[in-house]
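Observations on chain architecture
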Amino acid sequence: MNKQHKDLSNAIRFLSIDAVEKASSGHPGMPMGMADVATILFKHFLKFNPQNPSWLNRDRFVLSAGHGSMLLYSLLYLTGYKSISLTSIKKFRQLNSICAGHPEYHPNSGIETTTGPLGQGISNAVGFAIAEEILKKKLGKKIINHKTYVLAGDGCLMEGISHEALSLAGHLKLKNLIMLFDNNSISIDGPTNLAVSDNFKKRFESYGWNYIFIDGHNEKEIFKALKKVQNAKKPSVISCKTIIGYGSPNKSGKASSHGSPLGFDEIELIRKKLKWNHKPFQIPSNILNHWRKIGNKGSKFEDNWNRFYKSKRNKIKKIIKNNFSIAIKSEKKNAIKEIKSLASRKSSELILNALTKYNNTLIGGSADLAGSNNTKTKYHKIIKPANFSGNYIHYGVREHAMCGIMNGLSLHSKIIPYGGTFLIFSDYCKPAIRLSALMKQKVIYVMTHDSIGLGEDGPTHQPIEQLSGLRSIPNLNVFRPADRMETIECWQLALESSKTPSILALTRQNLNPIRKKYTDLNKCSLGAYEVSRTKDKINLTILASGSEVNLAIDVSHKLAKNKIYSKVISVPCQDIFDQQPKAYKKKILEETKFNVSIEAASTNCWKKYVGKKGLTFGIDDFGKSAPYKEIYKYFGLTAENISKKIKNLIKN
Ligand SMILES: Cc1ncc(C[n+]2csc(CCOP(=O)(O)OP(=O)(O)O)c2C)c(N)n1
């Protein structure tokens, strides 16, 4: 191995070893094993500019094996990113340090995505690669033409999401996607042959990927493989046979180097073995300078690109169409003109028609339920293998990857991804939804068939606890609109929430319109608002969402006949309502002694609104297979039953 290469890669190794040791926690094994591959990648291939981490046409580097975060922080520091200093590396894993335990996405920092839950980064990278192809088609090769590299380990490749994402990437022939597989055959429990006997070559080739096997510590082999994949016609994986904890006399090749500090004595032995005679965190200036030179090459790449980009900037502005307000306004007017009973999934399709007609930054899709989720409109063109002029992705039955890919699409640039499945299968999406929320990405989840109202498909398909669970995720807006007007307004809010992902929970069954008057005002923007009252002075507040707002209005009228007067509050988004000023919440929740809630789902998240005196009407059991009106009856969600119980409550 050449001395210069040794020095560069050992700088990564020792920064990682020292940071983990100082923090008394972390994962040194992977950075030590993959330091050679990362060095060759950054030195010879990766196009990036530490002076401008947001340069649009940079190559993306995703560390899917997020536990090896010190590899990324070392590379960013060594190449000269301002986001990571030696001081922040010394604060690895400490409160508020950018060098968090696992990489956490920060705009303009070089940390392209949050990773740690294994496999997510692979799906993000597939999203990056799709975004690159979509933009390339729109803006031309001279503006966008970059690679996406993803470093994944055995763990990432064991996760189900990797199978979903890699298969779609192969199908779409994402030629600029390159995986560096840290094939060290070790995970936490020991050798991977405890649990895996996959033939990786066959696995990748069956997905339609190139597969190259190399010695991940052989400089020449690494270079040659990376060179080879630059002009690939399909996605490529370079399977790098590496030794975890490379350089450690007693722990290399063993699970003991995976996720704990190596210990003072062992580190001394590694220093001797790798001939690194420097103090902890000390990178000799000649080595640091060499790394900085590698980083400095980036501004030349960007300058060349910028000259062309500047000359085309005005033209580019015209290509990107992202004005949503015309569509929202015209659809609101249509909703008033065409007053009729409509499923909210259908209302969503109608607004999507208008949005898609006037915008080309929305990229739609569904996990094989386009017709049921109503996500595909007449203005959609399908994105196909090697043809990315479209704006709709058939994700196949791959919910988890769909959501991870949408995170990648959103992180890459100004693309706004939305994707559909049944609300019940949000369970298959949850890890990626959580990351959209954590990373503050505008990703829109269209989740239809949102309750027992879907009917005959039965309890396996009827969401119960999903709404409560999703509402408890921080920085996620869960919308459950009650009619066409609310559906339009919720879509508007989702599109305007630049730092919060949204879920639109939509019905299969028809809903009667609640809002029959036009207003420019977005009433849903308060999260909850009054839709009706039976008298000025009332003694009951009925809170409901989605399909149950109509039921709440029936209950309210029924009670009025018995001289119990009430107001109905539609709650399209609890998350937004909870953030309203105290005075507004008081006005909604504290006008009456009694509050009740109605939602055909778990009652858990309504208890905070009804208090000890109130009642929650919902379902805290699994659903039933039957025509939907019968199921509502079975669970007592009828105007008769609910008003009877409320009468008892108020009388007693
Ligand atoms: C979804 C998920 N499950 C479990 C973990 C806990 N975990 C972190 S690393 C790891 C083993 C990863 O093995 P490998 O990819 O081979 O990494 P290496 O040992 O080579 O560093 C596990 C199970 C996780 N981070 N994410």
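Here we summarise the structure given alongside this text.

Cut-off values and rules
- Within every chain, residues take consecutive numbers counted from 1 along the sequence as written.
- For this predicted model, a pLDDT threshold of at least 70 governs which residues receive local features, and a threshold of 80 or more governs which side-chain atom pairs are given and counted, while totals over whole chains, interfaces and linings are taken from all residues.
- Only hydrogens and water are set aside when side-chain values are computed; all heavy atoms of the structure are taken into account.
- Every helix listed is a DSSP run of H or I at least four residues long, and every strand listed is a run of E at least two residues long, numbered separately from the N terminus.
- Our radius of gyration is a C-alpha quantity, and the globule rule it is checked against amounts to 2.2 Å times the number of residues to the power 0.38.
- Relative accessible area decides the class of each residue, using a 1.4 Å probe on protein chains only: under 20% of the type maximum gives buried, over 50% gives exposed, and in between gives partly exposed.
- Strand pairing is assigned whenever DSSP identifies at least 2 bridges connecting the two strands.
- Here the axes come from fitting lines to C-alpha atoms, over the contacting stretch only for helices, and the angles between their N-to-C directions go from 0 to 180 degrees.
- The nonpolar core is taken to be a set of buried Ala, Val, Leu, Ile, Met, Phe, Trp, Tyr and Cys residues, with the residues joined through side-chain atoms within 4.5 Å.
- Contacts between residues were defined by any pair of non-hydrogen atoms, one from each residue, lying within 4.5 Å.
- We call a residue near a molecule or strand when any one of its heavy atoms sits within 4 Å of it.
- Here a polar contact means two N or O atoms within 3.5 Å. Within protein one must be a hydrogen donor candidate and the other an acceptor candidate, and residues neighboring in sequence count only if both atoms are side-chain atoms.
- Note on areas: Shrake-Rupley with a 1.4 Å probe; residue coverage comes only from the protein chains shown.
- Residues are grouped as follows: nonpolar covers Ala, Val, Leu, Ile, Met, Phe, Trp, Tyr, Cys and Pro; charged covers Asp, Glu, Lys and Arg; every other residue, Gly included, is treated as polar.
- For classification purposes, angles smaller than 35 degrees are called roughly parallel, those larger than 145 roughly antiparallel, those between 65 and 115 roughly perpendicular, and all remaining angles oblique.
- By convention in these notes, a salt bridge is any Lys or Arg side-chain nitrogen within 4 Å of a carboxyl oxygen on Asp or Glu.
- For Phe, Tyr and Trp, where Trp contributes only its six-membered ring, two rings pair if their centres lie within 6.5 Å, and the inter-plane angle classes them as stacked under 30 degrees, edge-to-face over 60, or tilted in between.
- Lysine NZ or arginine CZ positioned within 6 Å of the ring centre and within 35 degrees of the ring normal marks a charge as sitting over the ring.
- By this rule, a helix spans an expected 1.5 Å times one less than how many residues it contains.
- Take the far helix as the reference: if the near one is turned anticlockwise from it by less than a right angle, the crossing is left-handed, and if turned clockwise, right-handed.

**With respect to the overall build of the protein**
Within the protein one finds 24 helices and 20 strands. Relative to the compact-globule value of 26 Å for 652 residues, the protein shows a C-alpha radius of gyration of 28 Å, a close match. If you line up the protein on its principal axes, its C-alpha atoms span 90 × 55 × 45 Å. Across the 652 residues in the protein, those meeting the buried criterion constitute 62%.

**A closer look at the sheet that holds strand E18 (residues 566-570)**
With mixed pairing, 5 strands are arranged side by side in an open sheet as E16-E18-E17-E19-E20. Edge strands, defined here as strands with exactly one partner in the open sheet, are strand E16 (529-533) and strand E20 (615-617). Each adjacent strand pair in this sheet contributes to an overall mean axis angle of 25°, direction not counted.

**So, the nonpolar core**
In this structure, Phe 61, Ile 89, Ile 130, Met 179, Phe 204 and Trp 291 are the most contacted members of the largest nonpolar core, which totals 132 residues. Sequence-distant contacts of Phe 61, that is, excluding residues within four places in its chain, are made with Leu 41, Phe 42, Leu 46, Leu 72, Leu 75, Glu 112, Tyr 149 and Leu 151. Among the nonpolar cores identified, the runner-up in size contains 38 residues, and Tyr 418, Ala 494, Phe 577 and Ile 588 belong to it.

**Considerations on the site of the ligand**
The full set close to the ligand counts 16 residues, and His 67, Gly 155, Asn 184, Ile 186 and His 258 are the nearest of them. Contact between the ligand and Asn 184: an oxygen atom at 2.6 Å from a side-chain N or O atom of the residue. Out of a free accessible area of 590 Å², the ligand has 74% covered by protein chains. Looking at the shell around the ligand, the elements that each hand over two or more residues are helix H6 (154-158) and strand E4 (186-187). Looking at the shell around the ligand residue by residue, the class counts come to 6 nonpolar, 7 polar and 3 charged.

**Comments concerning the packing of helix H7 (residues 160-171) against helix H8 (residues 200-207)**
Packed helices, taken two at a time, are described by their axes: the angle between them and the distance between them. The contact between H7 and H8 brings their axes to 7 Å, and the two run at 50°. One element, H7, and the other, H8, form an angle in the oblique class. The residues of H8 that touch H7, namely those facing Ser 162, His 163, Leu 166, Ser 167, Gly 170 and His 171, are Arg 203, Phe 204 and Tyr 207.

**Side note on the pattern of salt bridges**
For side chains of opposite charge, pairing can occur when their charged atoms come near one another. Using the criterion set out here, one finds 25 salt bridges in the structure. Here Lys 3 ties to Asp 7 by a salt bridge, and the two come within 2.8 Å at their closest N and O atoms. Taken together, the positions of Lys 3 and Asp 7, both in helix H1 (residues 3-23) and 4 residues apart, correspond to about one turn of that helix. Of the residues examined, Asp 7 reaches a relative accessible area of 16% and is grouped as buried. The salt bridge partner of Glu 548 is Arg 480, with a shortest N-O separation of 2.8 Å. Taken together, the residues span a long stretch of sequence, with Glu 548 in helix H19 (residues 548-561) and Arg 480 in the loop between strand E13 (477-479) and helix H18 (484-496) at a distance of 68 residues.

**Considerations on the packing of aromatic side chains**
Overall, the coordinates contain 20 aromatic pairs when judged by the stated rule. Plain terms: the ring middles of Trp 55 and Trp 305 are 6.0 Å apart, the flat faces sit at 70° to each other, and that makes the pair edge-to-face. With Trp 55 in the loop between helix H2 (29-45) and strand E1 (60-63) and Trp 305 in helix H11 (residues 285-319), this residue pair connects regions lying 250 residues apart in the sequence. Residue Trp 305 is classed as buried on the basis of its relative accessible area, which comes to 9%. Ring centres of Phe 577 and Tyr 584 lie 6.2 Å apart, and the angle between their planes is 75°; this geometry places the pair in the edge-to-face category. Accessibility expressed as a relative area gives 1% for Phe 577, which makes it buried. Aromatic rings pair up to connect Phe 42, Phe 48, Phe 61 and Tyr 81 into one cluster. The ring of Tyr 518 has Lys 333 sitting right over it, with the charged end atom 5.2 Å from the ring centre. Against the face of Tyr 392 rests Lys 376, its NZ or CZ located 5.7 Å from the ring centre.

**Description of helix H5 (residues 120-139)**
The end-to-end C-alpha distance of H5 is 28 Å, a good match for the 28 Å that 20 residues give at a rise of 1.5 Å each. For H5, the tally of buried residues reaches 18 of 20 residues, placing the bulk of the element in the interior. Taken from the residues just after H5, Gly 140 is the one with a positive phi, measuring 95°.

**Overview of the sheet that holds strand E2 (residues 148-153)**
One open sheet holds the 5 strands; their spatial order is E1-E2-E3-E7-E6, and the pairing between them is parallel. The strands lining the two open edges of the sheet, one partner per strand, are E1 and strand E6 (210-215). The average undirected angle you get between the axes of adjacent strands in this sheet is 20°. Of the strands in this sheet, E1, E2 and strand E3 (177-183) are in contact with H5, which crosses E2 at around 165°.

**Notes on the environment of Trp 606**
Relative to the helices and strands, Trp 606 is located in the loop between strand E19 (594-598) and helix H22 (607-610). Residue Trp 606 is classed as buried on the basis of its relative accessible area, which comes to 1%. Between the C-alpha atom of Trp 606 and that of Asn 562, which follows or precedes it by 44 residues, the distance is 26 Å. With residues up to four places along the chain from it excluded, the contact list for Trp 606 reads Arg 471, Leu 543, Ala 544, Ser 545, Val 571, Gln 574, Ser 597, Glu 599 and Thr 616. A polar contact is formed between the side chain of Trp 606 and the side chain of Glu 599, at a distance of 2.9 Å.

**Side note on the pairing of E2**
The element E2 is extensively covered by neighbouring structure, given that 6 of its 6 residues are classed as buried. The two faces of E2 match: Thr 148, Val 150 and Ala 152 on one face and Tyr 149, Leu 151 and Gly 153 on the other face are all buried. Here E1 pairs with E2 via 4 bridges, running parallel. Each residue of the ladder has a partner; that of Arg 60, found in E2, is Thr 148. Taken together, the 6 bridges between E2 and E3 define a ladder with parallel strand orientation. The residue of E3 that forms the bridge with Thr 148 is Leu 177.

**Digging into the packing of H7 against helix H15 (residues 399-412)**
Running from N to C, H7 and H15 point in directions that differ by 70°, and their axes come no closer than 8 Å. Classified by the angle between their axes, H7 and H15 sit roughly perpendicular to one another. Between H7 and H15 lies a crossing of right-handed hand. On H15, the residues that touch Ile 161, Glu 164, Ala 165 and Leu 168 of H7 are Glu 399, His 400, Ala 401 and Ile 405.

**Comments concerning the pairing of strand E9 (residues 362-366)**
Across the 5 residues that make up E9, a large majority, 5, are buried. With 3 bridges connecting them, E9 and strand E11 (residues 416-422) associate as parallel partners. By the bridge assignment for E11, Leu 362 is matched with Ile 416. By the bridge criterion, 3 bridges tie E9 to strand E10 (residues 392-394) in an arrangement that is parallel.

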